[in-house]
Each structure stands twice: as structure tokens, then as C-alpha cells.
Amino acid sequence: MIELKSEQERAHMRAAGQVVAEVLQVLKAAVAPGLPTMELDRLADAEIKKRGAQSVFRGYQAYEGQPPYPATVCVSVNEQVVHGIPGSRRLKEGDLVSLDLGARVSGFVGDAALSVFVGSAPDSRAAELLAVTAASLDAGIAAVHIGGHVGDIGAAVQEVVEQAGFSVIRDFVGHGVGRSMHEDPQVPNYGTRGLGPRIRPGMALAIEPMVAEGGYAVRVLPDGWTAVTRDGSRACHFEHTLFVGEQGVEVLTRLSEEPVHEVQ
Ligand code: MF3
Ligand code: CO
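The present account deals with the structure reproduced in this document. Sequence positions are assigned chain by chain, starting from 1 and proceeding in written order. Starting at A for chains and at 1 for ligands, labels are handed out in the order in which the entities are written. Where totals are concerned, whole chains, interfaces and linings use all residues; where local detail is concerned, this predicted model gives features only for residues with pLDDT of at least 70, and gives and counts side-chain atom pairs only at 80 or more. As a rule here, side-chain values cover all heavy atoms of the structure and leave hydrogens and water aside.

With that settled, the discussion passes to the site of ligand 1. As a matter of local geometry, ligand 1 sits amid 13 residues, with Asp-100, His-175, His-182, Glu-208 and Glu-239 nearest to it. For this analysis, a polar contact is any N or O atom pair within 3.5 Å, provided that within protein one partner can donate a hydrogen and the other can accept it, and provided that sequence-adjacent residues contribute only side-chain to side-chain pairs. Interatomic distance of 2.9 Å between a side-chain N/O atom of His-182 and an oxygen atom of ligand 1. Within the side chain of Glu-239, an N or O atom sits 2.8 Å from a nitrogen atom of ligand 1. Calculation of accessible area relied on Shrake-Rupley with a 1.4 Å probe; when residues are assessed, cover is drawn exclusively from the protein chains displayed. In isolation ligand 1 has 330 Å² of accessible area, and contact with the protein removes 96% of it. Counted by class, the shell around ligand 1 contains 6 nonpolar, 3 polar and 4 charged residues. Residues are classed as near a molecule or strand on a simple rule: at least one heavy atom within 4 Å of it. Nonpolar residues are Ala, Val, Leu, Ile, Met, Phe, Trp, Tyr, Cys and Pro. Charged residues are Asp, Glu, Lys and Arg, and all others, Gly as well, are polar.

This part takes up the nonpolar core. Take the buried Ala, Val, Leu, Ile, Met, Phe, Trp, Tyr and Cys residues and link them wherever side-chain atoms come within 4.5 Å; each set so joined is a nonpolar core. Accessible area is worked out with a 1.4 Å probe on protein chains only. A residue is then buried under 20% of its type maximum, exposed over 50%, and partly exposed in between. Counting residues in each nonpolar core, the largest one holds 55 residues, and the members touching the most others are Leu-24, Leu-27, Leu-40, Leu-99, Leu-101 and Ile-207. Here a helix means four or more residues in a row that DSSP labels H or I, a strand means two or more in a row labelled E, and each is numbered from the N terminus. Per-element tally for this core: the top contributor is helix H3 (residues 124-142), with 8 residues. The contact rule is simple, with two residues in contact once any of their heavy atoms fall within 4.5 Å. Dropping the residues within four chain positions of it, Leu-99 is found in contact with Leu-24, Leu-27, Lys-28, Val-31, Leu-40, Cys-74, Val-75, Ala-112, Ala-113 and Leu-114. Residues Phe-57, Val-109, Val-177 and Ala-206 belong to the second largest nonpolar core, which totals 15 residues.

So, on to the sheet that holds strand E12 (residues 227-229). Spatially, E3-E12-E11 is the arrangement adopted by the 3 strands of the open sheet, whose pairing is antiparallel. Every interior strand has two partners, whereas the edge strands, strand E3 (80-82) and strand E11 (218-220), have only one. Put simply, the sheet's adjacent strands are angled 40° from each other on average, direction ignored. If DSSP finds at least two bridges between two strands, the strands pair. Where E3 and E12 come together, 2 bridges link them in antiparallel fashion. Among the inter-strand pairings, Gln-80 is bridged to a residue of E12, identified as Val-228. Axis definition: a line fitted to C-alpha atoms, limited for helices to the stretch in contact. Angles are taken between N-to-C directions and run from 0 to 180 degrees.

Below, the discussion takes up the packing of aromatic side chains. For Phe, Tyr and Trp, rings pair up if their centres lie within 6.5 Å, where Trp contributes its six-membered ring, and each pair is then called stacked (planes under 30 degrees apart), edge-to-face (over 60) or tilted (otherwise). Following the criterion strictly, the structure yields 2 aromatic pairs and no others. A ring pair is formed by Phe-57 and Tyr-69, whose centres lie 6.4 Å apart and whose planes are at 85°; its orientation type is edge-to-face. Of this pair, Phe-57 sits in the loop between strand E1 (54-55) and strand E2 (73-77) while Tyr-69 sits in the loop between E1 and E2, and the two are 12 residues apart along the sequence. On the accessibility criterion, Tyr-69 (2% relative accessible area) is buried. When the centroid spacing of 5.0 Å and the interplanar angle of 80° are considered together, the rings of Tyr-69 and Trp-225 count as edge-to-face. Of this pair, Tyr-69 sits in the loop between E1 and E2 while Trp-225 sits in the loop between E11 and E12, and the two are 156 residues apart along the sequence. Each member of the pair, Tyr-69 as well as Trp-225, is classed as buried. Put simply, the rings of Phe-57, Tyr-69 and Trp-225 pair up and form one aromatic cluster.

So this is what it looks like as C-alpha cells:
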């Protein structure tokens, strides 16, 4: 069942979205060669607390028997697609790092992700992977229209990705978001225009293209979380939480002063 949000709930979601946006910018600025990824998690915890918000990911279980997620931020490096667990691994120049963060404010969740290189892109294909993934999220957001369908979003994302010769991860999808991080509907990054649930005012959606340089097959490491590409190719991830208002779509996790995704 798709929960439609009131204007008051929208305001709570806006607050949660701004916390996520701000903290992600702090984390992005901290990314540097030699930094152990667990330092990003410490920073995420401190910055979320400072803003009076709560971590959404810590302790989360996607299915019964899965180990609870042990951190506040997901840090996924190179061939890691999503849900990388921060640890003692040190970042190095040229790594492609995806940061995924959720925060709760007044009972409502904001969920967003971005990717960044440590230093500069190691090669032009890597730079293209990041630019195309960011552009596919923009295309997905632009495809959201009242009266349209969720399939319009996936079709728009997929087109951008596949035109560039990259592939869309199938095993993970975007989602409705609200009091829970994962609500109906599922929002795949592939699909067909005109299919899927109808887009209505009051919906809050997390659109999150996960894109691989090679094939889209993934496997999950024995830690129960970290998803990696099966072919070892690099992957990239961007995500925004947005609200479908009567007057238009509001991207809740975008900072007004945030620059357009730049290519390095
Ligand atoms: N943005 C991811 C998602 O929507 C974050 C989940 S990480 C988890 O699935 F640890 F909380 F699962
Ligand atoms: Co999400």
C-alpha cells in the first residue's frame, strides 16, 4: 500500500532530507587518500547527532537472519555497488567512493547517496561512469509527473545508462520512503513507460540508480551486506528522496547551494 503524506509530514521529511544533504556534503569533503572508511562513519554519527537526528541504517535488517547493519553510512568502494560496511580499509587516490546515508527527524526518513573520486578520476571511463550515473538520476527525477507511472522513472534512468554503454543493477531498487526507509512502491531503475503504479500527489520516493561499468550481476559478500559486481567492474550510486507535490516535485535531499554534479 502506498502511503500518501500530508503537508505536515512533508515538512518533517524536508527536515530529514536537509540533514542527509548537509551531512553527505561534510562526508564528501572529508574523503581523502589514507582515510580509513570507519572515520567517515564516526563523522556521520557526530554530524547526525549534532543536528538532533537519528541514524536510520544502524541496526537495520532487510530480511530475517541478516546481520543488523552495523554502521550509519554505507561506504562502497570501486567494485562495491552498495551497502559497503565502513572499516579499517584506507581510501586511495583514484578510488570511486559511494556514500549512502539515512537520517530520521520527527519520525520521518531522508535517504540519499552520492559518489565521488578520491582525488581525481583514474581514467576517462571512470569519470564518465560517475557523470552518467548522476545524469541518470536527474533523468529519473525529470520523469516524475502526476498521473504518470513509476515505470516512466526506470525507463528514463535506463535509457541514459545504456546509451553510454553501462548497465543498470537489477537486484536493488529505489523505493517509497516515509516513516519507514522502505515503503511501497518499489522504484526500479529499469522498466517501461506507462507501466507500474500511478504517480500521485503526496508520494515520497527515493530514486537511486546503481550503475556498473560492466555487467549488472552482483553478489553479496559473506558479511551479509556488501554488494559487489560479479565481474569486478566499478559501480556508482546516486540517490535522492523527493516529494511529489501538487505544484511540482521537490527534491528533499538536495542542498540549494549544492553545485551540479561535477565531473573531475
Ligand atoms: N539507500 C539504501 C537503500 O535504500 C540504504 C540502505 S542501507 C541499510 O536501500 F543498511 F540500511 F540497509
Ligand atoms: Co534508498
